[in-house]
Amino acid sequence: MTSHLSRRQLVDALERPLSLDQQVHVDRCAACAGELAAMRALVADVAAAGEVPEPSPLFWDRLSARVREAVDAEPVSASGWAGYWRPLAALAGVLAVLILAAVLRPSPTPSPAARPAAASANASAASDVTTSEGSEAMWDMIGTMATSIGVDDARDAGLVPGRAATDAAIESLTQAQRRELVKLLRAELGASD
Amino acid sequence: MSTAVRSASMTAFAAWSPRVSEDSAMGDRQAPSREAVARLREADDRALVEAFLAGAREAFDVIVERHQRHVYQLCYRFLGNHEDASDLTQDVFVRAFKGLRNFKGDAALGTWLYRVGVNTCLNRVALKQPRLETIEPEQHVDSRHPDAHELVARDERAVAVRRAIARLPPKQRATLVLRIYQEMSHEDIAAVLGSSEGAVKANFFHALGNLKRLLRQRP
Ligand SMILES: [Zn+2]
């Protein structure tokens, strides 16, 4: 071997013996021998400087507590805490079905006679607004229910579906906000704003 | 995650923590029984991850207890001081908490935490130069010790080397720390840093070259 050792060969030489022809070269080449010796010395220096001072014995308990606090402050959705959403997702599905049945059941169209006599030309528009506000209130209520009702209550009432259905439901639910849940319910019902 | 795996996790969870019910996960954390925590402490990492994914929040506390020393040491070697290392250790575990769902189980939990740790350290050093160690080396050495002079010199050298490492470009620093302190292979370092083995070796070479220059510069 006549050429100097490459960077890669020098780095490799720090952790395994040189090949025979590399060794022959290094034995005759002061530049390569010097470079290699300097690198080995530096690695030894770095290794010697690597001792991490042991913190006080109380430190580890404090650190655990800090991590616990920080993690508790994290939104639950961000975690791998699947158990949190599993029942809620199931509940969302159940509520969606119930609401679908209760709200979207075909209702008799009020006859013109049933309308107040004072209905003006924009009564229809006013009625739309009222309906919209009414459904906002309804969505708020659903959201509140969804976050306040206990899963055990739901299970006791026979509302929580089987594990397979729950597993299917959880796949599509990842956001931890009540708004997101309400949005999901809206989407499931095909409701528009 | 498949239904089968999740069901297995639920079983593990039920076994570990009978008093932490699903609905407790919906509100404030209930204090788990001492026996439940004791059982978690005896579980291996894989079982802890499964229990955590199944909703046993305390399993994560046990993971932290078990791995915090290694993560702290990694952070300390990156940053060279206690305060930054403590802050960063906390950050690493918060990221791990968020990302544990994506832990595939194909590597050991410790290795995965390392990867999270290295990435957190790299992000941190990219944003901010670490505070440099200010401890005077003489403070560590008893002057009555027969080899006091030599010990002081060794300590001084160690402080200088740590300072120099802290001034290396992030990837070079990462390569050096992972290779020399964590004794990872170039191939594993490449996997952690998302580069090639050749690039890792080149980084290592440049890290040593820069270190030599920085140490020569010091007063
Ligand atoms: Zn040569």
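Bear in mind that the values here come from a model prediction, so they are computed numbers and not experimental data. (Residues numbered from 1 in each chain as written. Chains lettered and ligands numbered in written order. Predicted model: local features only at pLDDT ≥ 70, side-chain atom pairs only at ≥ 80, totals over all residues. Heavy atoms only, no water.)

1. Overview of the overall build of chain B
1) Next: A tally of regular secondary structure across chain B gives 10 helices and 0 strands.
2) Next: Mapped in sequence order, the helices and strands of chain B form the string α-α-α-α-α-α-α-α-α-α.
3) Next: Scored against the burial criterion, the 219 residues of chain B give a buried share of 53%.
4) Next: The long-range fraction of contacts in chain B, counting pairs at least 24 apart against all pairs at least 6 apart in sequence, stands at 62%. (Helix = DSSP H or I, 4+ residues; strand = E, 2+ residues; numbered from the N terminus. Buried < 20%, exposed > 50% of the residue type's maximum accessible area, 1.4 Å probe, protein only. Contact = heavy atoms within 4.5 Å.)

2. So, the coordination of the zinc ion
1) Next: On the protein side, the zinc ion has His4 of chain A (ND1), His25 of chain A (NE2), Cys29 of chain A (SG) and Cys32 of chain A (SG) as donor atoms, found 2.0 to 2.3 Å from it.
2) Next: Taken together, the 4 donor atoms coordinating the zinc ion and their angles of 100 to 119° define a geometry best described as tetrahedral. (Donors = N, O, S within 2.8 Å, 3.2 Å for Na, K, Ca; no water. Tetrahedral: all angles 85-135°; square planar, octahedral: opposite > 155°, others 65-115°.)

3. Focus on the packing of aromatic side chains
1) Next: In the structure shown here, the tally under the stated rule is 8 aromatic pairs over all chains.
2) Next: Considering the side-chain rings of Trp60 of chain A and Tyr72 of chain B, the 5.4 Å spacing of their centres and the 90° angle between planes classify their relative orientation as edge-to-face. Taken together, the residues span two chains, with Trp60 of chain A in helix α4 (residues 57-72) and Tyr72 of chain B in helix α4 (residues 58-79).
3) Next: When its relative accessible area of 1% is taken as the criterion, Tyr72 of chain B is described as buried. (Phe/Tyr/Trp six-rings, centres within 6.5 Å; stacked < 30°, edge-to-face > 60°.)

4. A few points about the environment of Leu178 of chain B
All names here are of chain B.
1) Next: Mapping Leu178 onto the fold places it in helix α8 (residues 170-181).
2) Next: Taking the C-alpha atoms as reference points, Leu178 and Ile189, 11 residues apart in sequence, are found 6.8 Å from one another.
3) Next: Ignoring sequence-local partners within four residues, the contact set of Leu178 consists of Leu74, Val118, Glu183, Met184, Ile189 and Val192.

5. Focus: the confidence of the model for chain B
Residues and elements named next belong to chain B.
1) Next: Averaged over every residue, the pLDDT of chain B is 80; the share at 70 or more is 76%.
2) Next: Model confidence for chain B, summarised as mean pLDDT per element, is weakest for helix α1 (residues 3-16) at 43 and strongest for helix α10 (residues 197-217) at 95.
3) Next: Every residue in residues 1-27 scores below 50 in pLDDT, and together they form 51 contacts with partners more than four places removed in sequence or on other chains.
4) Next: Counting interchain partners and residues more than four positions distant, the pLDDT-below-50 stretch residues 134-138 has 6 contacts.
5) Next: ipTM for the predicted complex: 0.71, alongside a pTM of 0.59. (pLDDT = per-residue confidence, 0-100.)

6. What about the packing of helix α3 (residues 45-53) of chain B against α4 of chain B?
Packed helices, taken two at a time, are described by the angle between their axes plus the distance between the axes.
All names here are of chain B.
1) Next: Following both chains from N to C, one finds α3 and α4 inclined at 145°, their axes separated by 8 Å at the closest point. The interaxial crossing formed by α3 with α4 has left-handed handedness. Contact with α3, carried on its side by Asp45, Leu48, Val49, Ala51 and Phe52, involves Ala59, Phe60, Val62, Ile63, Arg66 and His67 of α4 and no other residues of that element.
2) Next: Classifying every residue of the contact of α3 with α4 gives 8 nonpolar, 1 polar and 2 charged. (Axes fitted to C-alpha atoms, helices over the stretch in contact; angles between N-to-C directions. Left-handed = near helix turned anticlockwise from the far one by under 90°. Nonpolar A, V, L, I, M, F, W, Y, C, P; charged D, E, K, R; others polar.)

7. Regarding α4 of chain B
Residue and element names in this part refer to chain B.
1) Next: Taking 1.5 Å of rise per residue, the 22 residues of α4 would be expected to cover 32 Å, and the 30 Å separating its terminal C-alpha atoms lies within 8% of that figure.
2) Next: With 16 of 22 residues buried, α4 lies mostly within the body of the structure.
3) Next: Gly80, located one to two residues past α4, shows a positive phi value of around 75°. (Expected span 1.5 Å × (residues − 1).)

8. A look at the pattern of salt bridges
Two side chains with opposite charge may pair up if their charged atoms get near one another.
1) Next: Within this structure, the stated rule accounts for 14 salt bridges over all chains.
2) Next: Here Glu65 of chain B and Arg41 of chain B are joined by a salt bridge, their closest N and O atoms 2.8 Å apart. Residue Glu65 of chain B is located in helix α4, and its partner Arg41 of chain B is located in helix α2 (residues 34-42); the two are separated by 24 residues in the primary sequence.
3) Next: With relative accessibility at 33%, the residue Glu65 of chain B sits in the partly exposed group.
4) Next: Note on Arg41 of chain B: relative accessible area 45%, which makes it partly exposed.
5) Next: Each member of the salt-bridge network shares a partner with another, and the members are Asp12 and Arg16 of chain A together with Glu197 and Lys201 of chain B. (Salt bridge = Lys/Arg side-chain N within 4 Å of Asp/Glu carboxyl O.)

9. As for α4 of chain A
Residues and elements named next belong to chain A.
1) Next: Compared with the 22 Å implied by 1.5 Å per residue over 16 residues, the 24 Å span of α4 between its first and last C-alpha is a close match.
2) Next: Those residues of α4 lying buried are Phe59, Trp60, Leu63, Ser64, Val67, Ala70 and Val71. Projected down its long axis, α4 shows its buried positions confined to an angular sector of 135°, all on one face. Along α4, the residues that are exposed and aim more than 90 degrees away from the buried face are Pro57, Leu58, Asp61 and Glu69. (Arc of directions from axis to C-beta.)

10. Some thoughts on unusual backbone geometry
Residue and element names in this part refer to chain B.
1) Next: Not every positive phi belongs to a glycine, and Glu183 is a case in point at roughly 55°.
2) Next: For Glu183, the location among the structural elements is in the loop between α8 and α9 (186-193).
3) Next: Classification of Glu183 as exposed rests on a relative accessible area of 63%.

11. Structural notes on the nonpolar core
Note on soluble globular proteins: their nonpolar side chains tend to be buried together.
1) Next: Residues Phe60, Phe78, Leu100, Leu176 and Leu211 of chain B are the most contacted members of the largest nonpolar core, which totals 84 residues.
2) Next: When sequence neighbours within four positions are dropped, the list of residues in contact with Phe78 of chain B reads Val118, Cys121, Leu122, Arg173, Ala174 and Val177 of chain B. (Core = buried A, V, L, I, M, F, W, Y, C linked by side-chain atoms within 4.5 Å.)

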